[in-house]
Amino acid sequence: MKYTEEHEWLLEEGELIVVGITAFAAEQLGDVVFLELPDEGTEVSKDDEVVVIESVKAASDILAPLDGEIVEVNDALVATPGKVNEDPTGEAWFFKMKPSDLSPMDDYMDEAAYKDFIG
Amino acid sequence: MADLLRTPLYDLHVELGAKMVPFAGYEMPVQYPLGVMKEHTHTREKAGLFDVSHMGQVILRGESYDAAARAFERLVPVDVLGLGEGRQRYGLFLNEQGGILDDLMFANRGDHLFVVVNAACKAQDIANMKAALEPDIRVTPVEDRALLALQGPAAEAVLTELSPDAANMRFMDVRTIDLDGVEAWVSRSGYTGEDGYEISVPADQADQLARKLLAHDDVQAIGLGARDSLRLEAGLCLYGHDIDTDTLPVEAGLIWAIQKVRRSGGERSGGFPGGQQVLAQIADGAPRKRVGLRPDGRAPMREGVELFAEAEGGGVIGKITSGGFGPTVGGPVAMGYVPAELAAPGTTIYGELRGKRQPVTVTKLPFVAANFKR
């Protein structure tokens with residue numbers, strides 16, 4: 001699994017990348033109450049705002065980690081946003097994307113580096 | 001966090017694992033490990049204990065209660081003189097334009113007035129009271145007492161275990177009660193829409209009392225996060241957000257706080273700052289009103305979201321002044337100001353969220369019915 005400085009986790013699944021947020025991010029956000037996910041088939045560029053996530057405290061954006069196409073979104077999560085707090089790295093994945101180029105994955109942190117990053 | 005003040009319960013908050021944040025010059029718990037949502041629900045279902053020691057407690061003392069009350073009426077548009085002994089009432093400090101400087105609670109304590117004001121305003125409130133009331137009335141900030149709030153349907157049972165007197169109070173009563181050896185100034189009121197108490201105790205006994213209350217199975221420590229969502233669902237104003245110096249009492253929906261005796265034709269009509277403007281709004285109505293708002297869908301609309309009359313075109317008609325997710329409502333709730341002609345419950349207006357206008361329904365306040373022991 002790889003990690004971004006935006007506290008997303010990225011899991012390679014065949015030619016797809018599954019994206020969610022880390023347990024650290026979920027805890028920082030507090031209880032998540034609302035999610036807006038992108039439409040399947042959307043072409044995105046790295047750093048596009050693709051997900052809106054709102055907690056009891058504030059709204060934040062999730063950025064596309066790579067260029068590519070959103071091929072699947074976790075629609076069930078929209079009705080049960082609290083799952084982001086309960087199981088951020090499992091059931092509460094946000095979307096799967098098909099990157100046009102996988103090489104930027106090498107620039108993201110591995111688990112040890114991410115642990116250092118969040119201190 | 002440099003230069004921030006701490007309440008007598010600071011060590012307890014840290015021990016309980018609270019997330020501490022700066023608030024009104026104090027380091028305060030915004031949430032505990034339970035989290036805002038569960039803290040909110042716990043307060044509605046059982047009882048929550050809040051540290052509100054950052055708020056200002058002030059004693060006003062003259063020759064008699066009546067003397068202090070008459071003087072205090074020069075500052076607030078409220079019937080102070082007619083308040084019975086052992087009773088509490090909501091009040092407002094106004095500026096010369098009728099704008100709200102702060103909102104407050106005050107009580108008739110027999111031989112003096114006891115006033116509780118907002119933390120962020122207390123220095124200014126105390127200065128204003130001193131300037132306006134001294135030397136006839138002594139204005140004494142109470143700096144050696146903490147203030148706790150115990151709120152929720154189980155509050156009565158919990159507090160009654162420490163003193164049977166607690167059960168004999170009704171909504172807005174104020175008593176001095178011995179809570180297991182602690183001299184407590186207790187009011188049956190709060191800021192959640194639930195039954196409950198606010199409890200002023202000597203600072204050096206606050207920690208001991210808080211731990212005793214928290215030892216009860218039904219009591220959880222509750223942070224500022226849930227305090228905000230609870231008061232929002234209860235339709236209660238947050239000073240600096242829903243009311244400020246640019247809002248007058250009538251447009252803020254606080255006309256009920258101005259008793260008849262202080263209105264035009266009343267025995268002690270006017271005689272408070274901004275009296276002319278405030279009485280004119282009572283007579284003529286206000287051009288805008290604070291209303292409850294329920295955004296359609298699940299996306300919260302927060303403070304600052306601009307409101308429109310139409311789905312497309314037209315200018316901004318108002319703004320949301322408080323908003324978020326209401327855990328008891330199970331959806332987004334907000335308050336804001338709209339023109340009087342759009343203030344009727346059921347009216348659909350629009351809030352702009354991330355560049356898109358989304359329908360919002362004007363809704364009667366409170367969002368969650370109050371649960372007071374009247």
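None of these values were measured; they are calculated from a predicted model. (Residues numbered from 1 in each chain as written. Chains lettered and ligands numbered in written order. Predicted model: local features only at pLDDT ≥ 70, side-chain atom pairs only at ≥ 80, totals over all residues. Heavy atoms only, no water.)

### Here's the deal with the overall build of chain A
Okay, so step 1: The helix and strand tally for chain A stands at four helices and nine strands.
Okay, so step 2: Listed by position from the N terminus, the elements making up chain A come as β-β-β-α-β-β-β-β-β-α-α-β-α.
Okay, so step 3: The C-alpha atoms of chain A give a radius of gyration of 13 Å, which matches the 14 Å a tight globule of 119 residues would have.
Okay, so step 4: Taking the principal axes of the C-alpha coordinates as reference, chain A spans close to 35 × 35 × 20 Å.
Okay, so step 5: Looking at chain A as a whole, 47% of its 119 residues qualify as buried.
Okay, so step 6: Considering only contacts within chain A whose residues lie at least 6 apart along the sequence, 60% involve residues at least 24 apart.
Okay, so step 7: Across chain A, the mean location of the 7 positive side-chain charges is 5 Å away from that of the 30 negative side-chain charges. (Helix = DSSP H or I, 4+ residues; strand = E, 2+ residues; numbered from the N terminus. Rg over C-alpha atoms; globule rule 2.2 N^0.38 Å. Buried < 20%, exposed > 50% of the residue type's maximum accessible area, 1.4 Å probe, protein only. Contact = heavy atoms within 4.5 Å. Lys, Arg positive; Asp, Glu negative; His and termini not counted. Charge placed at Lys NZ, Arg CZ, Asp CG, Glu CD.)

### Topic: the overall build of chain B
Okay, so step 1: Looking only at helices and strands, one finds eight helices and 19 strands in chain B.
Okay, so step 2: Since a compact globule built from 374 residues should have a radius of gyration of about 21 Å, the 21 Å found for chain B is in line with a globular shape.
Okay, so step 3: For chain B, the C-alpha atoms occupy an extent of roughly 65 × 50 × 40 Å along the three principal directions.
Okay, so step 4: Burial status across chain B gives 58% buried among its 374 residues.
Okay, so step 5: Looking at chain B alone, contacts between residues at least 24 apart form 64% of all its contacts between residues at least 6 apart.
Okay, so step 6: Surface summary for chain B: the accessible area is close to 15000 Å², and the carbon and sulfur share equals 49%.
Okay, so step 7: Considering chain B, the positive charge centre built from 39 side chains and the negative charge centre built from 50 side chains are found 4 Å apart. (Areas by Shrake-Rupley, 256 points an atom, 1.4 Å probe, with all protein chains shown as cover.)

### Remarks on the side chain of His112 of chain B
Residue and element names in this part refer to chain B.
Okay, so step 1: Mapped onto the fold, His112 is located in the loop between strand 6 (100–108) and strand 7 (113–117).
Okay, so step 2: His112 sits in the buried class, given a relative accessible area of 9%.
Okay, so step 3: A polar contact of 2.8 Å, which involves the side chain of His112, links it to the side chain of Asp111.
Okay, so step 4: The residues touching His112, leaving out its near neighbours within four places in the chain, are Ile59, Leu60, Arg61, Tyr65 and Ala107. (Polar contact = N/O pair within 3.5 Å; in protein donor to acceptor, adjacent residues only side chain to side chain.)

### Description of unusual backbone geometry
Okay, so step 1: In this chain, Glu134 of chain B is followed by Pro135 of chain B through a cis amide linkage whose omega measures 10°.
Okay, so step 2: Secondary-structure assignment places Pro135 of chain B in the loop between helix 4 (122–133) and strand 8 (138–141).
Okay, so step 3: Between Leu365 of chain B and Pro366 of chain B the backbone carries a cis peptide bond, its omega angle lying at -5°.
Okay, so step 4: For Pro366 of chain B, the position within the fold is in the segment after strand 19 (356–363).
Okay, so step 5: Phi at Asp47 of chain A is positive, roughly 75°, even though this residue is not glycine.

### Let's talk about the domain arrangement of chain B
Residue and element names in this part refer to chain B.
Okay, so step 1: Split by domain assignment, chain B resolves into domain 1 (10–55 + 144–233) and domain 2 (287–374).
Okay, so step 2: On a C-alpha basis, the centres of domain 1 and domain 2 stand 29 Å from each other.
Okay, so step 3: When domain 1 packs against domain 2, the two sides together hide about 1500 Å² of surface, and 60% of this comes from carbon and sulfur.
Okay, so step 4: Contact with domain 2 buries area across many residues of domain 1, yet Phe171, Leu232 and Glu233 alone supply 47% of it, more than any other trio.
Okay, so step 5: Put simply, domain 1 and domain 2 have one salt bridge between them. (Domains from an automatic or database assignment. Buried area = accessible area lost by both parts, 1.4 Å probe. Salt bridge = Lys/Arg side-chain N within 4 Å of Asp/Glu carboxyl O.)

### Regarding a negative patch on the surface
Okay, so step 1: Side chains of Asp48, Glu49, Asp61, Asp67 and Asp101 of chain A sit close together on the surface and give a patch of like negative charge.
Okay, so step 2: Overall, Asp48 of chain A belongs to the partly exposed group, its relative accessible area being 31%. (Patch = residues over 30% accessible without salt bridge, like charges linked within 9 Å, V, L, I, M, F, W, Y side chains within 5 Å.)

### Let's talk about the sheet that holds strand 8 (residues 68–73) of chain A
All names here are of chain A.
Okay, so step 1: Taken in spatial order, the six strands of this open sheet run 1-2-3-9-8-5, and their pairing is antiparallel. The open sheet terminates on both sides in strands that have one partner only, identified here as strand 1 (2–3) and strand 5 (43–44).
Okay, so step 2: Of the strand pairs in this sheet, strand 1 and strand 2 (residues 8–13) are connected by two bridges, and their pairing is antiparallel. Directly across from Tyr3, in strand 2, lies its bridge partner Trp9. (Pairing = 2+ DSSP bridges.)

### Some words on the interface of chain A and chain B
Frequently, the measure chosen for interface size is the accessible area that the parts lose on association.
Okay, so step 1: Contacts between the two partners involve 17 residues from chain A and, on the opposite side, 13 residues from chain B.
Okay, so step 2: With both chains or domains summed, chain A and chain B bury close to 1200 Å², and 49% of this area falls on carbon and sulfur atoms.
Okay, so step 3: Taken as a group, Val33, Phe34 and Val56 of chain A account for 37% of the area that chain A buries against chain B, more than any other trio of residues on that side.
Okay, so step 4: Across the contact surface, chain A and chain B share two salt bridges.
Okay, so step 5: Across the chain A-chain B interface, the total number found is seven residue pairs in polar contact (both at pLDDT 80 or more).
Okay, so step 6: Sorting elements by how many residues they give to the side of chain A that touches chain B places strand 4 (residues 32–36) of chain A first, with four residues.
Okay, so step 7: Taken together, the residues that form the side of chain A that touches chain B break down as 10 nonpolar, two polar and five charged. (Nonpolar A, V, L, I, M, F, W, Y, C, P; charged D, E, K, R; others polar.)

### Considerations on the environment of Gly275 of chain B
Okay, so step 1: Along the chain, Gly275 of chain B falls in helix 8 (residues 275–284).
Okay, so step 2: Each C-alpha atom of the pair Gly275 of chain B and Ala370 of chain B lies 31 Å from the other, and the pair is 95 residues apart in sequence.

### Re the pairing of strand 10 (residues 174–179) of chain B
Okay, so step 1: Where strand 10 of chain B and strand 11 (residues 182–187) of chain B come together, six bridges link them in antiparallel fashion. For Thr176 of chain B, the partnering residue across the bridge sits in strand 11 of chain B and is Trp185 of chain B.

### Focus: the packing of helix 2 (residues 36–45) of chain B against helix 7 (residues 224–233) of chain B
Residues and elements named next belong to chain B.
Okay, so step 1: Interhelical geometry of helix 2 versus helix 7 gives an angle of 55° and a closest axis separation of 8 Å. Comparing the axis directions of helix 2 and helix 7 gives the class oblique. Along this stretch, helix 2 crosses helix 7, giving a crossing that reads as right-handed. The residues of helix 7 that touch helix 2, namely those facing Val36, Glu39, His40, Thr43 and Arg44, are Gly225, Ala226, Ser229, Leu230 and Glu233. (Axes fitted to C-alpha atoms, helices over the stretch in contact; angles between N-to-C directions. Parallel < 35°, antiparallel > 145°, perpendicular 65-115°, else oblique. Left-handed = near helix turned anticlockwise from the far one by under 90°.)

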